[in-house]
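Chain and residue survey
Read off the chains here:
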Amino acid sequence: MLIVGGGMAGLATGCYARMNGFRVRILEHNLDLGGVCAAWSREPYVIDGCVRWLMGAAPGGMFRGVYEEMGIVPEVPMRVLDTFATIEDPTEGWSFAFTHDLDRLERDMIALAPEDREEIGRLRASIEHTAELRMSIEAPELGHWRDRVAAIWDMRHLAGTMLHFRGDVGTWLTERVKSPRLRAVIGEITHPKMPALFVPMMLGSIVRGQMHVPEGGTLALRDAVVRRFRELGGEATMHATVEEILVAHDRAIGVRLGDGTIVHADVVVSTASLPETVMRLLGGRYVDGATRERIDHWPTFDAIAMVSLGIDRDYPEIVAPLVVREHEPFLAGDTPQHRLGIHVFRGSPHAPPEHAVVQAILPTRYDHWAGLGSHYGSAKAQLAARVLERLGRRLPGIESAVRMTDVVTPLTFWRHARSWRGAFEGFLPTPETFMTHVPKQLPGLGGLWLAGQWVEPGGGIPPALLSGRQVVQLVCRDRGQAFVVDG
Ligand SMILES: Cc1cc2nc3c(=O)[nH]c(=O)nc-3n(C[C@H](O)[C@H](O)[C@H](O)COP(=O)(O)OP(=O)(O)OC[C@H]3O[C@@H](n4cnc5c(N)ncnc54)[C@H](O)[C@@H]3O)c2cc1C
């Protein structure tokens, strides 16, 4: 089995394929495995480029079994996330914390938005209900229609919640929430196009202790998955960019690399972006209407820039991700920023004692950065300076404590992980895309399977891992072989 891409999906595909007896080789464009699940060294700091939280890792959690099979738990200790984020509005003089304590969450919401008491009550009830919403980790293609009907029947008492939150976040906030402040705080932790049902689901995960931060951050998590892959006997070639998926008689038979090398395989799995796989590696053949519709019309995650600063102070007072609302917007590239999201990483491996890495993530436009030419370097420096100036308003004295500056742009995502137009997490989940089952094969083409965040709208580490597991389940089914896991 050849796997295009060694991110979380490629590594998971490789692990499950090894458990099922395949010889496996990952072909990875970058110099490192992990894809966008990346952390990198800027001595003496480590920049954490990914995991803010991991869903469903507690005992009984939805994805616990997959994490165990992948060598993530119990190998990587997990800390329960107490506060998802604190939103501050320095101009209006208020702040709000999304805490794990449901009573406090409800009380704080009512204090912030007394006019929305009724809707807040409904939200609370839905948060409690969503505990029962579970997603199967098995490939849906393997289930019988009777299982699906039974699952829907089991969730019939959730019909009210599903109906109430059936649209997107933007519409729910406009139609149901009166208070501009409550709209603002919910708007800061979601995207207006996301399914409104995500609001009770996300808050439900927090209050049930099902959101964790891996100790050691992205580095520890990524290394655990890579270790598992290696221990299972998987092989990987880095700096190997696949240029073409070779096809004979409507069956994938191998790949051609950038240096002309041809590698043959019985099964090819692509975890590259959908446009890359379909339009570039297959030259636009095997595209049906539904695939074309996804590529042309489904919204993708906004591209981002990321400014990380190594600081000779550790800010113990900042214990949760912070969002500072900016009434005087500033620019990231040519995109106005109405907020500054701040993460503080302390302790090993991120920073030496009494130091920290302070990081800001900023939505921006891929085309802007791609068009800068020789001004690219100075634009990165300018962005770092703007972010530092805003950080100085919240963290006085930070300017003189900066020891390291690192700026990532949408082009960095393209260069290192071939994130299509900087869409680092694939398709945005919307009420439509999230409910669509995306097939893991292309019509009329055998021997090629698709895994990863571009076939799991919304992305995230659990869906990336699951998609690899499910592809191997389906390959085993087609070969008449029982799927086994070694967990
Ligand atoms: C800043 C940030 C924060 C995040 N926070 C979280 C979080 O808190 N929790 C969470 O669950 N998820 C989070 N995610 C999302 C999560 O990391 C991703 O959804 C997941 O890691 C995607 O894995 P993947 O393997 O599908 O894709 P990718 O990681 O994109 O991997 C695809 C791989 O394929 C390679 N590739 C592509 N084309 C080729 C080619 N032609 N030849 C060879 N190789 C190729 C790429 O180089 C890449 O390594 C975050 C992501 C980012 C960037």
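Right, let's walk through the structure included here. Predicted model, so just to flag it, every value in this text is computed and none were measured. (Residues numbered from 1 in each chain as written. Predicted model: local features only at pLDDT ≥ 70, side-chain atom pairs only at ≥ 80, totals over all residues. Heavy atoms only, no water.)

This part is about the site of the ligand. Around the ligand lies a shell of 39 residues, among which E28, R52, E276, Q453 and G460 are the nearest. A distance of 2.9 Å separates an oxygen atom of the ligand from a polar atom in the backbone of V36. Contributions of two or more residues to the shell around the ligand are made by α1 (8-19), α11 (274-281), β15 (304-311), α15 (410-417) and α17 (461-478). Looking at the shell around the ligand residue by residue, the class counts come to 20 nonpolar, 13 polar and six charged. (Near = heavy atom within 4 Å. Polar contact = N/O pair within 3.5 Å; in protein donor to acceptor, adjacent residues only side chain to side chain. Helix = DSSP H or I, 4+ residues; strand = E, 2+ residues; numbered from the N terminus. Nonpolar A, V, L, I, M, F, W, Y, C, P; charged D, E, K, R; others polar.)

Assignment of secondary structure puts A39 in strand β3 (residues 39-42). A relative accessible area of 9% means that A39 is categorised as buried. Taking the C-alpha atoms as reference points, A39 and D223, 184 residues apart in sequence, are found 10.0 Å from one another. Dropping the residues within four chain positions of it, A39 is found in contact with V46, I47, D48, G49, T218, L219 and R222. (Buried < 20%, exposed > 50% of the residue type's maximum accessible area, 1.4 Å probe, protein only. Contact = heavy atoms within 4.5 Å.)

Quick look at the pairing of strand β4 (residues 45-48) now. Alternating positions in β4 separate into two faces, Y45 and I47 on one and V46 and D48 on the other, with burial throughout. Pairing of β3 with β4 involves four bridges; the strand directions are antiparallel. Each bridged residue has a counterpart across the sheet, and for W40 the counterpart in β4 is I47. Between β3 and β4, which pair antiparallel and follow one another directly, the connecting turn spans two residues. (Pairing = 2+ DSSP bridges.)

As paired elements, strand β11 (residues 242-248) and strand β12 (residues 251-257) share six bridges and run antiparallel to each other. In the sheet register, A248 faces β12, and the bridge partner there is R251. Here β11 folds back onto β12 in antiparallel fashion, the turn holding two residues, of which H249 has a positive phi close to 50°.

With that out of the way, let us pick up the layout of surface pockets. Counted as a void, the second largest pocket has a volume near 570 Å³. What lines the second largest pocket is a set of 23 residues, and nearest its centre among them are R79, V213, V319, V344 and F345. If you list the elements that add at least two residues to the lining of the second largest pocket, you get β6 (78-80), β9 (211-214) and β17 (335-346). Broken down by element, the residue count for the lining of the second largest pocket peaks at four residues, all from β17. Looking at the lining of the second largest pocket residue by residue, the class counts come to eleven nonpolar, six polar and six charged. (1 Å grid on protein atoms, 1.4 Å probe; cavity = no way out; pocket = protein on both sides within 12 Å on 5 of 7 lines; lining within 4 Å. Points joined across faces, edges and corners; volume = space filled by probe spheres on them.)

A separate point is the pattern of salt bridges. Counted by the stated rule, this structure contains 31 salt bridges. Notably, a salt bridge pairs R124 with E128, separated by 3.3 Å at the nearest N-O pair. Taken together, the positions of R124 and E128, both in helix α4 (residues 117-129) and four residues apart, correspond to about one turn of that helix. In this structure, K440 and E456 form a salt bridge, with 3.4 Å as the shortest nitrogen-oxygen distance. Pair noted here: K440 is in the loop between α16 (431-435) and β20 (448-450) and E456 is in the loop between β20 and α17, with a separation of 16 residues, a long-range link. For the pair K440 and E456, one class covers both residues: buried. Counted as one network, the salt bridges with shared partners bring together D89, E188, R325 and R339. (Salt bridge = Lys/Arg side-chain N within 4 Å of Asp/Glu carboxyl O.)

As a further point, take the side chain of T433. Position of T433 among the secondary structure elements: in helix α16. By relative accessible area, T433 is classed as buried at 1%. At 2.8 Å, the side chain of T433 forms a polar contact with the backbone nitrogen of T430. Once residues lying within four places of it in the same chain are set aside, the contact partners of T433 are W298, L428 and P457.

A word on α17. Over its 18 residues, α17 extends 26 Å from the first C-alpha to the last, a length consistent with the 26 Å expected when each residue adds 1.5 Å. For α17, a buried count of 16 out of 18 residues is recorded, marking the element as mostly surrounded by other parts of the structure. Two residues or fewer after α17 comes G480, characterised by a positive phi angle close to 70°. (Expected span 1.5 Å × (residues − 1).)

With that settled, consider the sheet that holds strand β2 (residues 25-27). With parallel pairing, the five strands of this open sheet are ordered in space as β10-β2-β1-β14-β20. Only two strands of the sheet have a single neighbouring strand rather than two, namely β10 (235-237) and β20. This sheet shows a mean twist of 20° between the axes of neighbouring strands, independent of strand direction. Note that strand β14 (residues 268-270) and β20 share three bridges and pair parallel. For S270, the partnering residue across the bridge sits in β20 and is L450. Relative to the sheet, α1 contacts β1 (2-4), β2 and β14, its axis offset from that of β1 by approximately 165°. This element, α17, spans β14 and β20 of the sheet and lies at about 150° to β20. (Axes fitted to C-alpha atoms, helices over the stretch in contact; angles between N-to-C directions.)

Nothing here speaks to function; it is all geometry.
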